[in-house]
Amino acid sequence: VRCSHVEEHVYVQEEGVSNRDIEELDRRMLASKALAFADSILTPRERQIVFLRYGIGSVAPLTQKETAERLGISRSYVSRLEKAALEKLKKALGEE
C-alpha cells in the first residue's frame, strides 16, 4: 500500500492500481466539480450553449452556426448567450 498525492487529493494506492488510474479519478472528480460550478452559475440555455460549443460531455464541439441550427435559434443569439455565459463564469472565478 502506498499513498499518492494528485492535485489536492490524497489517495491510498493499493497494489495493482496505477498512477494513471489515480490521475483519471482525479480528473473526473475535478470535471464533476467544474460541471456543478457551471450549473450553479449559468441558466439552462447558457449551459447548453457552452456545452455544445466546447464539446463538454459526449458531444464534439459545434460551431455557432451548428449550435444555432440544433437549438432552432439564430447564430447571433448563440453568440450573445455564449459571451454572456463566459463573462458570468469569469466573474464568478474572479477573472474580470
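Scope of this entry: the structure provided in the associated data block.

Each value, and the rule that gives it
Residues numbered from 1 in each chain as written. Predicted model: local features only at pLDDT ≥ 70, side-chain atom pairs only at ≥ 80, totals over all residues. Heavy atoms only, no water. Patch = residues over 30% accessible without salt bridge, like charges linked within 9 Å, V, L, I, M, F, W, Y side chains within 5 Å. Areas by Shrake-Rupley, 256 points an atom, 1.4 Å probe, with all protein chains shown as cover. Salt bridge = Lys/Arg side-chain N within 4 Å of Asp/Glu carboxyl O. Helix = DSSP H or I, 4+ residues; strand = E, 2+ residues; numbered from the N terminus. Buried < 20%, exposed > 50% of the residue type's maximum accessible area, 1.4 Å probe, protein only. Core = buried A, V, L, I, M, F, W, Y, C linked by side-chain atoms within 4.5 Å.

Describing a nonpolar patch on the surface
Where nonpolar side chains cluster on the molecular surface, the patch consists of Leu 35, Tyr 54 and Ile 56 and spans about 240 Å² of accessible area. On the secondary structure map, Tyr 54 appears in helix α2 (residues 44-54). Residue Tyr 54 is classed as partly exposed on the basis of its relative accessible area, which comes to 41%.

Section: the nonpolar core
Formed by Ile 49, Leu 52, Leu 62, Ala 68, Leu 71, Ile 73, Val 78 and Leu 81, the largest nonpolar core amounts to eight residues. By size, the runner-up hydrophobic cluster in this structure holds six residues, among which are Ala 38, Leu 42, Val 50 and Phe 51.

In short, geometric facts, not functional conclusions.
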